[in-house]
Every structure is written in structure tokens, then in C-alpha cells.
2 protein chains.
Amino acid sequence: MPNQTAAMLVIGDEILSGRTRDSNMHHLAMALTEHGLALTEARVVADDHDSIVAGVNALRAKYDHVFTSGGIGPTHDDITADAIAAAFGVAITRRADAMALLGAHYAARGMEFNEARQRMARIPDTATLIDNPVSIAPGFTVGNVHVMAGVPRIFESMLAGVLSGIAHGKPLLSRTLRLQRGEGEIATPFGAFAAEYPDLQMGSYPFNNDGIYGTNLVIRGTDAARLDAALAALEERLSA
Amino acid sequence: MPNQTAAMLVIGDEILSGRTRDSNMHHLAMALTEHGLALTEARVVADDHDSIVAGVNALRAKYDHVFTSGGIGPTHDDITADAIAAAFGVAITRRADAMALLGAHYAARGMEFNEARQRMARIPDTATLIDNPVSIAPGFTVGNVHVMAGVPRIFESMLAGVLSGIAHGKPLLSRTLRLQRGEGEIATPFGAFAAEYPDLQMGSYPFNNDGIYGTNLVIRGTDAARLDAALAALEERLSA
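Small disclaimer: the values here were computed from a predicted structure and weren't measured. (Residues numbered from 1 in each chain as written. Chains lettered and ligands numbered in written order. Predicted model: local features only at pLDDT ≥ 70, side-chain atom pairs only at ≥ 80, totals over all residues.)

For chain A, the helix and strand inventory stands at nine helices and 11 strands. Dimensions along the principal axes, computed over C-alpha positions, put chain A at roughly 70 × 40 × 35 Å. Pairs at least 24 apart in sequence give 65% of the contacts found in chain A among residues at least 6 apart. (Helix = DSSP H or I, 4+ residues; strand = E, 2+ residues; numbered from the N terminus. Contact = placed C-beta atoms within 7 Å.)

Written out as C-alpha cells, the structure reads:
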């Protein structure tokens, strides 16, 4: 069975304005690669209802899983949960399970469970909750869409929970041949070599660090022995 | 005149696999905000012809400008130029202007202007070249799409050239009120306040650094005096 595909939808004005540098996409990319899911597309949209609805509907139709980050807090600009409900055409209310979780959390701390905090209990009808071990307010999964917080520590802890419930695929492995030669010098033989291995992905990434320049040739696939053999063959080919 | 809109298309397997952490999106976001263009959407796609064509066609129809990064080098996985030509339905050849630039560059260095390096002269017919002060191989603009390299130093230098040719909009400015109070405590008054300023964007960003937690309330707009007034009013409202 081929690995399942995945997409990400990052939600937040602050990413698009440059105020905040997103780190969740890179974390998700690494986590999915290790888990054996293929991250195939990512999008970043503003805190805008129609943009979120359009983004999530486009991605959930194309990929096995969609992971979102951002917009599930207590403030007026947190509109993700309502947009996801609209995308699926389901109702959204302050759900009893989420109200109970949050209510107990604030009661234990002697803090008021006010209107704004109750907003974080707004969960689409058919969703299951995603555990938030950091700050209680849950994420949720509806259909194939996993809705998580934007704060990196919370995103990462929610993601770990979600992935534990998704069957492992074959992790995507890689081998790198680092050469102190320019891309333009090895591109033709490397291209011919890649064509002989249609089952492997091969990419070329130039580097230039402190005046030392060269190229990293990266071979990706799921079979370690096959990667080792390809790496050895590539090394021999390029030294010939 | 409202500010022009912009989108980004990041092209590269290495971003989606987590091997490389993209930095061009954050750089572009900051540069466009300063230049007065509104970055409204970003997408990341693999080095895959159909994905690039679909991405660029979706974005160029919706936004005033599209900025792409990645996939214009000499190796077999560099397929961006051909995909952009296909997206616009124009021919692509080794163009005389790009061949001349690159040919002179390699001749001056006594390096062979081989097949792979000539690949970097493949430019769609109707495009204009984007200067690459770092390593010569040009980017290009076709229609409203600006195609640039993925290597950050090169991307950044190409972008500076492109932006110098796009009329400045009003830079998006921001003011931040930092509070050592949780989001849930100030969300309701902040939401009511934001509703009184429909011309300004207001967002709330919780922080937690070394046990000090609180919320940054950010007000964004293009009129400095209006922002200063809103910030003062917000400060007074929340201290009341």
C-alpha cells in the first residue's frame, strides 16, 4: 500500500504579515516523514472565513489527511472552528465534553470560566477532541481534518496525539552525497543516474558556506538497502 | 487605491520532506509588508509539473502578483521554468539574452558552458529576466508571476530587484500592547474594541517565555497616527 498523503493549512494573519515566523510547517514535515505520511502540499491563509473554508475544502478532497494550525483560541480573531464547521456543513456549539474539560481546568485554578474562555469549547458536531496536554483547550478532528493550535508547543503536543492514532507508513529515508563540485558540473550525469531509479526521488541542493561551495545530492525512498545501493552506485558513477 | 495583493508559491520536495526549512516565505512576508503589498496566501508544492502548473494558475488569477521560489537550477529536478511556460501556454527555449549572460559568465571563469548550465537559460518566450547579482543565472517575470531561485541569498537579491520595479503601496504598520494577562481574560473587551475599528486589523498572540506568560495585542493598519490613537485607547480601555 502506498503511503497516505497529507496536506497542511496554516491559518494566521501574523504569518502572512511577517510578524511571526511559522515553525509548525517544518515540524509537521519532519514528523510526517518519520511517521511515513507524505506531506504533499501546504497552504497559508489569513484569519478570513472564506479563505479557510476554501482552503480546507480543496485540501481535504485531495489528500488523506489535512493538518491545520492556528485560530482556535478565545479571541475574536480565532475563527477556525466555525470555518471548519462551515466547510463540512455541520453545526457548531459549545460542546458538553469540551465545556466539562475547560470548566474543571478553570475551577481548579480559581479562574472565571468566562464567555471568552467558553468560546474555546466551540467544536463542530461530528468532531472528536484532540488532547491538549499543555493548556487543556482541545483541538479536534472532523472527517480527515485535524485542527490544532498555532502555538508551537501546543501544536507539537497535539500532533503527537493525532499521529499515535494514524497507522505508521514506511518512513521516508534519505541518503546524501556531499560533493565540493558545482551543480552545473554534475547535473547531466546525476540526471541520467536518477532516470535509472524511477522508484527513488533524487534532488540536488547547492550549498555555499563560508566560501566552501558544492552540492548535496539527496536520494529519498522507503527501502534502506535500496538507498544504500543507490548511494554507492552514485558515488562510483560520479568519481568515474 | 487599496494595496495590491500578492501570493507566494514555494516549490520544492525538500521543504515538504522537512529536509530544508524554508526561510524565503518569512523574508517575502516582511519585505512585502514593508513595500506595501499585502501577502494574502502562500502555497508549498513538490517538484511536480502538474502541481506547479495548478498552483501558479490558481494564484495568478486571484492576486496582483505571484512570487515563486525554487526549481530554476541546472539539474533534472529543476522543472519550474517549463511548468511556468506551460501554465501560461507559451513556448520555452534557451533564450539568446540568458545564453549571452551565462556564456560570458562561464567564459570569464574558464568553465565549460555545458548542457546542464545551458538549461538555466531556458526562459519562457514572453518573460523578462530578473537580475541575479549573486550567481548570474537569471530569474524571470512572466505576466504577474515573478520566478526566483530557492537559495535564500539569491532569492533575496532577486526580490530586491523585482520590488524596485513595483510601485510602493502604503506599508502595513503595527503597534503592540504587551500584557501579562491571559488571552481568556481580555478577549471579550478586546473583541468589542476591535469591532469599533473596522478599518484596522487586530490580533491577539499569547506568549509564554520562561514562565512569564501573557498576550501581545497587535493592531495593524497603514496610518501611523490612527494606530497611535487606537493603541492609546486600547491601553486605557483595558486598564479601566
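Between chain B and chain A, the superposition needs a rotation of 180° and an axial shift of 0.0 Å, giving an RMSD of 0.0 Å. Between the two chains, the operation in question is that of a two-fold axis. For chain B, the minimum C-alpha distance to the rotation axis belongs to Arg43 of chain B and amounts to 2.1 Å. (Least-squares fit on C-alpha atoms with pLDDT ≥ 70 in both.)

Time to look at the sheet that holds strand 10 (residues 201–209) of chain B. Residues and elements named next belong to chain B. Strands sit in the order 9-11-10 across an open sheet of three strands; the sheet is antiparallel. Each having just a single partner strand, strand 9 (173–179) and strand 10 make up the two edges of the open sheet. With direction set aside, neighbouring strand axes in the sheet form an average angle of 25°. Bridge count for strand 10 against strand 11 (residues 212–221) is nine bridges, and the pairing is antiparallel. Across the sheet, residue Met202 finds its bridge partner in strand 11, namely Ile219. Along the sheet, helix 8 (residues 183–195) contacts strand 9, strand 10 and strand 11; its crossing angle with strand 10, the most-contacted strand, is approximately 165°. Packed onto the sheet, helix 9 (residues 224–239) meets strand 9 and strand 11 and runs at close to 15° relative to strand 9. (Pairing = 2+ DSSP bridges. Axes fitted to C-alpha atoms, helices over the stretch in contact; angles between N-to-C directions.)

Moving on, we come to the interface of chain B and chain A. Bring the parts together and some accessible area is lost; that lost area is often taken as the interface size. If you look at the interface, chain B gives 47 residues, while chain A gives 47 residues. Here the residues of the side of chain B that touches chain A sort into 20 nonpolar, 16 polar and 11 charged. Where strand 2 (residues 38–45) of chain A lies against strand 2 (residues 38–45) of chain B, five bridges are found, and the strand directions are antiparallel. Bridge pairing in strand 2 of chain B links Ala42 of chain A to Val44 of chain B. (Nonpolar A, V, L, I, M, F, W, Y, C, P; charged D, E, K, R; others polar.)

Consider a sheet: its strands pair through backbone hydrogen bonds, and that pairing is either parallel or antiparallel. All names here are of chain A. Taken in spatial order, the three strands make up an open sheet running 9-11-10, and their pairing is antiparallel. The strands lining the two open edges of the sheet, one partner per strand, are strand 9 (173–179) and strand 10 (201–209). Direction aside, neighbouring strands of the sheet carry axes that sit 25° apart on average. Its contacts with the sheet place helix 8 (residues 183–195) against strand 9, strand 10 and strand 11 (212–221), and it is angled at close to 165° to strand 10. Its contacts with the sheet place helix 9 (residues 224–239) against strand 9 and strand 11, and it is angled at close to 15° to strand 9.

When pLDDT is averaged along chain A, the result is 95, and 99% of the positions lie at 70 or above. Here the predicted complex scores 0.94 on pTM and 0.93 on ipTM. (pLDDT = per-residue confidence, 0-100.)

Spanning 13 residues, helix 8 of chain B covers 17 Å between terminal C-alpha atoms, matching the ideal 18 Å at 1.5 Å per step. When helix 8 of chain B is considered as a whole, its buried residues turn out to be Glu183, Gly184, Ile186, Ala187, Phe190 and Ala194 of chain B. Close packing links the buried residues of helix 8 of chain B with helix 6 (115–119) of chain A together with strand 9, strand 10, strand 11 and helix 9 of chain B. (Expected span 1.5 Å × (residues − 1). Buried ≥ 20, exposed ≤ 12 C-beta atoms within 10 Å, placed from the backbone.)

Another aspect to go through is the nonpolar core. In terms of nonpolar packing, the biggest core is built from 102 residues, with Ile84 of chain A together with Ile84 of chain B touching the most fellow members. Among all residues touching Ile84 of chain A, those that are not within four sequence positions of it are Val56, Pro124, Val142, Val145 and Val147 of chain A. (Core = buried A, V, L, I, M, F, W, Y, C linked by C-beta atoms within 7 Å.)

The phi dihedral of Ile136 of chain A falls on the positive side, at around 70°, and the residue is not glycine. Within the secondary structure layout, Ile136 of chain A lies in the loop between strand 6 (128–130) and strand 7 (139–142).

Each assigned domain of chain A is listed here: domain 1 (5–164) and domain 2 (173–239). Distance between the C-alpha centres of domain 1 of chain A and domain 2 of chain A: 38 Å. (Domains from an automatic or database assignment.)

Along any regular strand, the residues point their side chains to alternate faces of the sheet. All names here are of chain B. In terms of burial, strand 2 is a largely internal element, seven of the eight residues being buried. Two strands pair when backbone bridges link them, and strand 1 (residues 5–11) and strand 2 are joined in this way by seven bridges, in the parallel orientation. Its bridge partner lying in strand 2, Leu9 is registered against Arg43.

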